[in-house]
Amino acid sequence: MILRAASPPRRAIVRERAAARRIVAAATMVATSCAYAAWPDQNALRPAGIQALRIVSLWHWTLLVCGLVFAAVLTALAVALWRRAPASTASPGQDDRLLPPDPLRARRATRVTRAATVVSVVVLSGLIIADVLTDRALSRLPVTDALYIEMTGHQWWWDVRYPGDGDGGFATANELHVPVGRPVIVSLKAADVIHTFWAPNLHGKKDMIPGRDATIAFRVDKPGTYRGQCAEYCGLEHALMAFIVVAEPQAQFDAWLAQQRRPAGNPTASFADAGRRVFVAGACATCHTVRGTPASGTLGPDLTHVMSRSMLAAGTFPNDRAHLARWLRAPGTLKPGTTMPASTLSPMEQQAVIAWLETLR
Ligand code: CUA
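Summary of the structure given here. (Residues numbered from 1 in each chain as written. Predicted model: local features only at pLDDT ≥ 70, side-chain atom pairs only at ≥ 80, totals over all residues. Heavy atoms only, no water.)

Brief notes about the pattern of salt bridges
- For the structure on display, the rule yields 8 salt bridges.
- Among the ionic pairs, Asp41 bridges to Arg46, the shortest N-O distance being 2.8 Å.
- Given the relative accessible area of 23%, Asp41 is considered partly exposed.
- For Arg46, a relative accessible area of 49% corresponds to the partly exposed category.
- When the shortest N-O distance is used, the salt bridge between Arg291 and Asp302 registers 3.8 Å. Here the residue Arg291 occupies a position in the loop between α6 (284-287) and β11 (311-312), and Asp302 occupies one in the loop between α6 and β11, the gap between them amounting to 11 residues. (Salt bridge = Lys/Arg side-chain N within 4 Å of Asp/Glu carboxyl O. Buried < 20%, exposed > 50% of the residue type's maximum accessible area, 1.4 Å probe, protein only. Helix = DSSP H or I, 4+ residues; strand = E, 2+ residues; numbered from the N terminus.)

Some words on helix α9 (residues 347-357)
- Burial in α9 covers these residues: Gln350, Ala352, Val353, Ile354, Ala355, Trp356 and Leu357.
- As for α9, its buried residues are in contact with α5 (270-281) and α7 (321-329). (Contact = heavy atoms within 4.5 Å.)

What about the sheet that holds strand β9 (residues 224-229)?
- In spatial order, the strands read β4-β10-β9; together these 3 strands make up an open sheet with mixed pairing. Here the strands that pair on one side only, and so sit at the sheet edges, are β4 (175-179) and β9. Taking each pair of neighbouring strands and ignoring which way they run, the sheet shows an average axis angle of 25°.
- As defined by bridge partners, β9 adjoins strand β10 (residues 242-248) across 6 bridges and the pair is classed as antiparallel. Bridging from a neighbouring strand, Gln229 pairs with Ala242 of β10.
- With respect to the sheet, helix α4 (residues 250-261) is in contact with β4 and β10, its orientation differing from that of β4 by roughly 135°. (Pairing = 2+ DSSP bridges. Axes fitted to C-alpha atoms, helices over the stretch in contact; angles between N-to-C directions.)

Observations concerning the sheet that holds strand β2 (residues 157-162)
- Taken together, 5 strands build an open sheet; the order of strands is β3-β2-β1-β5-β8 and the sheet is mixed. Two strands lie at the open edges of the sheet, namely β3 (170-173) and β8 (214-219), each paired on one side alone. Sheet twist, expressed as the average angle between the axes of neighbouring strands with direction ignored, equals 25°.
- Helix-sheet contacts for α4 involve β1 (147-154), β2 and β3, and the interaxial angle to β3 is about 105°.

Structural data, given as structure tokens:
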């Protein structure tokens, strides 16, 4: 077979197409960034709780001190570079490096070096003390009457469990609801690899290591919705492993709790009911639980009240009909590497399943 090089006009077309693809990719990135901008706040510099406040004040002190040290070092360097060397006392032909040092200059240099060493030790000790004090303050959060939540990191989503008062509690996914002003203890586990819990507006990071139990305690003092993110590289979709913390007044939180505890209701529309039957009898039920139905899989998120969540697939996209349909049809196009398989259901069955999922509020 003879391979022919692309002719000049053809090469131009290939180049134009590649450029067009790059422009589309850049536009998609900008559009996605804009969409992200409208998402919940994820900012360590805007604390919403007492512990985040302590961390941010430590950060401001560290920034100030290190900034001043950096400026001082640069100034000393600039002075050393620009200061004129003293006139040499060496006679012609003599190497002035062999002359004995000027005792006055040597004493001054020793004094300056000693002073700089003392200042460095004092500054570094100050930062270490501030660090230790902050750490102690973080661990001293009063936790009487704390709300207890269990969170397990999976590749790449978060299982969230609220233990009940004798009723076994309930599970949800990728979204924590907490009452404002009340301490929260989150028990952290990892199902597969190391993940890290991090909600920057609320607290620092805490590793989730398989086989090791850890807890993090925090209190949210400002009502709002905050974004958290897995902060330990955990595989292909590490970047798309986010969660949301909704901090609301106690009454609102109690209403949410009561609503989440309820099992899924029976759909009234026959199309949605057909979707329920497809879901329960098919592959969906082997991975997902919907309380109140025979679907009791535990490999994927609990979907009992999936429509009450604002985002899907661990904060990857908004929870709406269009995204849900695409997620069912081709999950890999929204989150490459996801363990959610593409649906083998017919288009009509997929529509029915979506109609049923939309009733799970
Ligand atoms: Cu989980 Cu990174």
